[in-house]
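Structural overview for review
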Amino acid sequence: MKHNRRAVLKGAGIIALASTSSSNYSLAHTTTNFDKIPRIQLTNLPTACNKMSNMTKALGGPDLYIKRDDVMELAHGGNKTRKLEYSLAAALNKGARAVVTQGGLQSNHVRQTISGAAKVGIEAHVILSNPVPEMKEKLMGSGNYLMDQLMGAHIYIAGSEGRSPMVKKVLSELTLEGKKPYNIPAGASNGIGSMGYVNAGRELIAQWERMGISPSHILTATGSCGTAAGLLMGLRYFGNSSTKVVSVSVSSPAPQLRKRIRGLLNDASNILGVPKNFVKTEDIHVNDDFYGKAYGYPTDAGISALRMTAETEGIILDPVYTSKAMSGLIDLIKNNQLENAKDVVFLHTGGAPAIHPYAEYFKV
Ligand SMILES: Cc1ncc(COP(=O)(O)O)c(C=O)c1O
């Protein structure tokens with residue numbers, strides 16, 4: 001299987017497009033040009049976009065919708081699945097027999113990368129660090145970490161020196177073994193990974209048209225920024241010039257996120273062959289009012305938002321990302337802070353497996 005893996009995958013319809021270089025895209029933003037970028041299908045798309053009637057009623061504001069990127073096929077799914085459709089295609093095109101990535105002990109990105117690697121038949125080596133030292137046992141006892149183990153990942157725990165030295169070491173060992181390791185950055189947030197959300201932008205434009213809505217805002221939890229940057233680029237690239245993408249930070253002050261999003265927009269512009277200022281910096285909207293103490297530490301408002309979404313809509317958010325973003329949505333709606341708000345969409349980026357290690361926060 002390993003030697004002719006690409007042929008096997010191609011035969012099985014898993015590799016959609018396997019060998020085009022990503023340069024030389026013209027300025028015409030046609031589906032065809034974007035579709036030349038190598039991608040493998042890892043889940044069925046589109047995901048659902050549904051009205052949250054009960055939340056809308058409870059908040060008494062504009063109509064609220066939810067884009068269900070939490071329901072996908074890579075071991076419970078989430079936003080990283082879309083990015084991995086491009087990152088893993090790049091890995092396979094380079095002949096990689098192993099993929100290396102990194103994240104926190106409860107990283108959703110790491111869990112989906114391991115699942116994707118298993119699906120396409122390559123090894124997954126993951127370097128994990130602990131963002132919440134006082135929760136070590138819980139974070140290593142259930143949720144994403146447990147799933148990582150079940151899926152046969154090679155797991156390395158980084159110490160106080162951080163993840164980078166260990167990533168380097170693992171990459172060089174795998175190279176010596178002839179496995180041509182492919183390195184995916186944290187959150188798959190680079191130009192290639194962000195193409196997953198360029199694709200989501202195109203998907204949403206078509207979906208909203210079918211639904212007869214034209215959203216003023218779409219809110220998303222933002223950490224490493226590939227989701228927000230890709231989505232903003234995708235909407236603009238495929239012709240939506242009006243929906244504001246609002247990044248609700250889960251970990252860092254707004255200037256840091258703005259800079260990261262700008263950098264990723266530039267990388268995405270290179271891949272798509274559009275000018276660097278195709279998406280203007282004024283079009284980047286970041287809110288850092290809702291992340292609380294730090295990454296990985298739930299907030300009271302986030303826990304309330306998670307409960308409210310669960311009780312009114314029967315939808316489970318996560319304690320680290322989407323609950324903080326939903327607390328932002330609720331606050332901004334209640335305080336009339338979304339200008340000309342209409343058909344506001346919440347992007348559910350997944351993460352629910354992490355409710356288990358964080359169970360103590362939900363005791364009644
Ligand atoms: C559930 C969830 N939501 C949002 C994000 C943030 O996405 P990004 O890193 O692309 O900003 C992540 C990233 O790990 C995530 O796991």
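Here the structure is a predicted model, which is why all the values come from computation and not from measurement.

**Some details on the overall build of the protein chain**
- Of regular secondary structure, the protein chain possesses 13 helices and 12 strands.
- For the protein chain, whose C-alpha radius of gyration is 20 Å, the value lies close to the compact-globule estimate of 21 Å for 364 residues.
- If one aligns the C-alpha atoms of the protein chain with their principal axes, the spans along those axes are about 60 × 50 × 35 Å.
- Counting over 364 residues, the protein chain shows a buried share of 51%.
- Looking at the protein chain alone, contacts between residues at least 24 apart form 78% of all its contacts between residues at least 6 apart.

**A look at the domain arrangement of the protein chain**
- What the domain assignment lists for the protein chain is domain 1 (31-78 + 190-362) and domain 2 (80-188).
- Using only C-alpha atoms to locate each centre, domain 1 and domain 2 end up separated by 23 Å.
- On the domain 2 side, the residues contacting the 32 residues of domain 1 number 36 residues.
- At the level of elements, strand E2 (39-40) and helix H9 (191-211) are the ones that each hand at least two residues to the side of domain 1 that touches domain 2.
- In terms of residue class, the side of domain 1 that touches domain 2 is built from 16 nonpolar, 15 polar and one charged.

**Digging into helix H5 (residues 108-120)**
- In this model, H5 (13 residues) spans 19 Å end to end at C-alpha, consistent with the 18 Å of a helix rising 1.5 Å per residue.
- For H5, the tally of buried residues reaches 11 of 13 residues, placing the bulk of the element in the interior.
- Three or more residues of H5 are buried, namely Asn 108, His 109, Val 110, Arg 111, Gln 112, Thr 113, Ile 114, Ser 115, Gly 116, Ala 117 and Val 120.
- Gly 121 occupies a position one or two residues after H5 and carries a positive phi of about 85 degrees.

**Here we look at the sheet that holds strand E5 (residues 98-104)**
- If you trace the four strands from one edge of the open sheet to the other, you get E7-E6-E5-E8, paired in parallel fashion. The sheet is open, and its two borders are formed by strand E7 (154-157) and strand E8 (182-183), each paired with just one other strand.
- Of the pairings in the sheet, the one linking E5 to E8 comprises two bridges and is parallel in character. Opposite Val 99, over in E8, you have Tyr 182 as the bridge partner.

**Focus: the sheet that holds strand E4 (residues 64-68)**
- Strand order in the open sheet formed by six strands is E3-E4-E12-E9-E10-E11, with mixed pairing between adjacent strands. The sheet is open, and its two borders are formed by strand E3 (49-51) and strand E11 (285-287), each paired with just one other strand. On average, each strand axis in the sheet is tilted by 25 degrees relative to the strand beside it, whichever way the strands run.
- Two elements, strand E10 (residues 244-249) and E11, share three bridges in a ladder whose sense is parallel. Residue Ser 247 lies in a different strand from E11, and its bridge partner there is Val 286.

**Some points on the site of the ligand**
- Neighbouring the ligand are 20 residues, the closest being Asn 108, Thr 227, Tyr 321, Thr 349 and Gly 351.
- Looking at the shell around the ligand, the elements that each hand over two or more residues are H5, strand E9 (217-222) and helix H10 (226-237).
- The biggest single contributor to the shell around the ligand is H10, with three residues.
- Taken together, the residues of the shell around the ligand sort by class into four nonpolar, 15 polar and one charged.
- When residues are assigned to domains, the shell around the ligand turns out to be shared by domain 1 (31-78 + 190-362) and domain 2 (80-188), each giving three or more.

**Things to note about H9**
- Taking 1.5 Å of rise per residue, the 21 residues of H9 would be expected to cover 30 Å, and the 30 Å separating its terminal C-alpha atoms lies within 8% of that figure.
- With 15 of 21 residues buried, H9 is to be regarded as a mostly interior element.
- Gly 212, located one to two residues past H9, shows a positive phi value of around 70 degrees.

**Things to note about the environment of Val 345**
- Position of Val 345 among the secondary structure elements: in strand E12 (residues 344-348).
- As for Val 345 and Arg 97, which are separated by 248 residues in sequence, their C-alpha atoms are 39 Å apart.
- Leaving out residues up to four positions away in the same chain, Val 345 has contacts with Tyr 65, Lys 67, Pro 215 and Ile 218.

**What about the packing of H10 against helix H11 (residues 254-272)?**
- Where H10 contacts H11, the two axes come as close as 9 Å, and the packing angle between them is 50 degrees. It follows that H10 is oblique to H11 by the angle criterion. In this structure, the crossing between H10 and H11 has a hand that is right-handed. Contacts between H10 and H11 pair Gly 226, Ala 228, Ala 229, Gly 230, Leu 232, Met 233 and Tyr 237 from the former with Ile 261, Leu 264, Leu 265, Ala 268 and Leu 272 from the latter.
- Here the residues of the contact of H10 with H11 sort into 10 nonpolar, two polar and no charged.

Cut-off values and rules
- Residues numbered from 1 in each chain as written.
- Predicted model: local features only at pLDDT ≥ 70, side-chain atom pairs only at ≥ 80, totals over all residues.
- Helix = DSSP H or I, 4+ residues; strand = E, 2+ residues; numbered from the N terminus.
- Rg over C-alpha atoms; globule rule 2.2 N^0.38 Å.
- Buried ≥ 20, exposed ≤ 12 C-beta atoms within 10 Å, placed from the backbone.
- Contact = placed C-beta atoms within 7 Å.
- Domains from an automatic or database assignment.
- Nonpolar A, V, L, I, M, F, W, Y, C, P; charged D, E, K, R; others polar.
- Expected span 1.5 Å × (residues − 1).
- Pairing = 2+ DSSP bridges.
- Axes fitted to C-alpha atoms, helices over the stretch in contact; angles between N-to-C directions.
- Near = placed C-beta within 6 Å.
- Parallel < 35°, antiparallel > 145°, perpendicular 65-115°, else oblique.
- Left-handed = near helix turned anticlockwise from the far one by under 90°.

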